Amino acid sequence: MNVVILAAGQGKRMHSDLPKVLHPLAGKALLGHVIDTARELGAGNICVVYGHGGERVRAALDAPDLNWARQEPQLGTGHAVLQAMPATAASAPTGSSTVSSTACSTLVLYGDVPLTRTGTLKRLIAAAGSDKLALLTAHVDNPQGYGRIVRSEGLVTRIVEEKDADDAEKSIREINTGILVAPTAALARWLPTLGNRNAQGEYYLTDIVALAVAEGMPVVTAHPAAAWETEGVNSKLQLAALERVHQRNVADALMEAGVTLADPARIDVRGELVCGRDVSIDVNCVFEGRVVLGDGVRIKANCVLEDAVVGAGSIVGPFARLRPGTELGCDVHIGNFVEVKNSSIADHSKANHLAYLGDATIGSRVNVGAGTITCNYDGANKFRTVIEDDVFIGSDTQLVAPVTVGRGATLGAGTTLTRDAPPDQLTVSRAKQVAVPGWKRPVKTQKPQKKD
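What this report covers is the structure whose coordinates are included nearby. (Residues numbered from 1 in each chain as written. Predicted model: local features only at pLDDT ≥ 70, side-chain atom pairs only at ≥ 80, totals over all residues. Heavy atoms only, no water.)

Inspection of the secondary structure puts A185 in helix 6 (residues 184-190). In this structure A185 comes out as partly exposed when scored by relative accessible area, which is 32%. Placed 77 residues apart in sequence, A185 and A262 show a C-alpha to C-alpha distance of 53 Å. (Helix = DSSP H or I, 4+ residues; strand = E, 2+ residues; numbered from the N terminus. Buried < 20%, exposed > 50% of the residue type's maximum accessible area, 1.4 Å probe, protein only.)

Applying the stated criterion to the full structure yields 22 salt bridges. Residue R321 pairs with E339 through a salt bridge whose shortest N-O separation is 3.8 Å. Of this pair, R321 sits in strand 20 (residues 321-322) while E339 is found in strand 22 (residues 333-341), placing the two residues 18 residues apart along the sequence. What makes R321 partly exposed here is its relative accessible area of 39%. For E339, the salt bridge goes to R323, with nearest N and O atoms at 2.7 Å. Of this pair, E339 sits in strand 22 while R323 sits in the loop between strand 20 and strand 21 (326-328); the two residues are 16 residues apart in sequence, bridging distant segments of the chain. You can call E339 partly exposed: its relative accessible area is 21%. On the basis of relative accessibility, which here comes to 25%, the residue R323 falls in the partly exposed class. A single network of salt bridges, built from pairs that share partners, joins K28, D36, R39 and D65. (Salt bridge = Lys/Arg side-chain N within 4 Å of Asp/Glu carboxyl O.)

The element helix 1 (residues 30-40) is extensively covered by neighbouring structure, given that eight of its 11 residues are classed as buried. Count one or two residues on from helix 1 and you reach G42, which has phi positive near 75 degrees.

In this section: the packing of aromatic side chains. Across all of its chains, the model carries two aromatic pairs by this definition. With a centroid separation of 5.6 Å and 85 degrees between ring planes, the pair formed by Y50 and W68 is classed as edge-to-face. Here Y50, found in strand 4 (residues 45-50), pairs with W68, found in strand 5 (residues 66-70); they are 18 residues apart in sequence, far enough to count as distant. On the basis of relative accessibility, which here comes to 4%, the residue Y50 falls in the buried class. We classify W68 as buried; its relative accessible area is 12%. For the ring pair F319 and F337, a centre distance of 5.3 Å and an interplane angle of 15 degrees mean the geometry is stacked. Placement of F319 in the loop between strand 19 (315-316) and strand 20 and of F337 in strand 22 is noted, with a sequence separation of 18 residues between them. A relative accessible area of 41% places F319 in the partly exposed class. (Phe/Tyr/Trp six-rings, centres within 6.5 Å; stacked < 30°, edge-to-face > 60°.)

Here it is, written out as structure tokens:
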């Protein structure tokens, strides 16, 4: 099967220099969601038709399994699919099987319609079989702006666009979503014959319905389970609405799997969140990349976790940040305003408040005091800090990497550690405390009052 993804639109209503299909939903470009859906369907060949934004779109998402076709100028959806036909008839990219235009079907998707489920598309593909044109249609209360499905004796005869519809046609509630499956050979035959005698002066892909009917090819339909599956993004308002739909779907799936969410409306997953048993997540938490939470993990309010692993029984937050490369063992406590980056922290260790732990390897049963910083960056290179088991680090300590704190060592509060600290000893680095006799705090000078 071929999949053609139309992604050439400008998106004027986004009011942005960023091409519309590159705007993120759940941390991934809109077009990225659609490409992933095509891959999940097992497509033998995926061709993306791009235009506005040019090479910027291609550079952002290019991959070995993708073909690209440029539409310039943009003359409508029929013209866009026509640009992809050479790629659908040729061999697929390196590593993929050869795709024949005479022995397969082509599914047309849209780069700004990110949430169509694979189950819906599989039903559409099954309806098309190998010899029918299948349309994904929906029944809506307000069809304004959509093409209408015109039927005769129950059979689809054509699609009429909003601007070309008469009053009777505008009253139809069954609308075209634009997503369709057609025999590839038939598409290659129909597309060059399309005309542009319409209100938009464009070559409509929807006109192939009348061509199929004229040839006697059955035109069948399938329907999405939810209306949001076929909703596109044309504005920031629509983007935000679909973001909430997606996040609620993710939240529902997490709760169905046994995760406790304090408020399913206040969680954002911008990647993959994997949870064990009895995980609880408080409000306003953001998960980016791939985050793994072990059994019994508690994520308190207002935390950000990115590409991190949290071991069983650990507690994170509130107001904590785990950056990429963080790996927490079991029963680790990361408290408020603690940031951890590219660091491993072993079982039963704690950093309960106000610390930065970057590029560090921290052992078991370590207590990190408030205000502790691993000074890992010299302005050009990163260096690692090693803190062995059973170390106690006093408050307001700076560890200037590369440095190692030996097993069982104690660092006194206020220490700036520039050399390795020996195991089982107290290491202190402080200026000598001095009291100055007779010193008095300065008194603020009183300004003369203005006279009336």
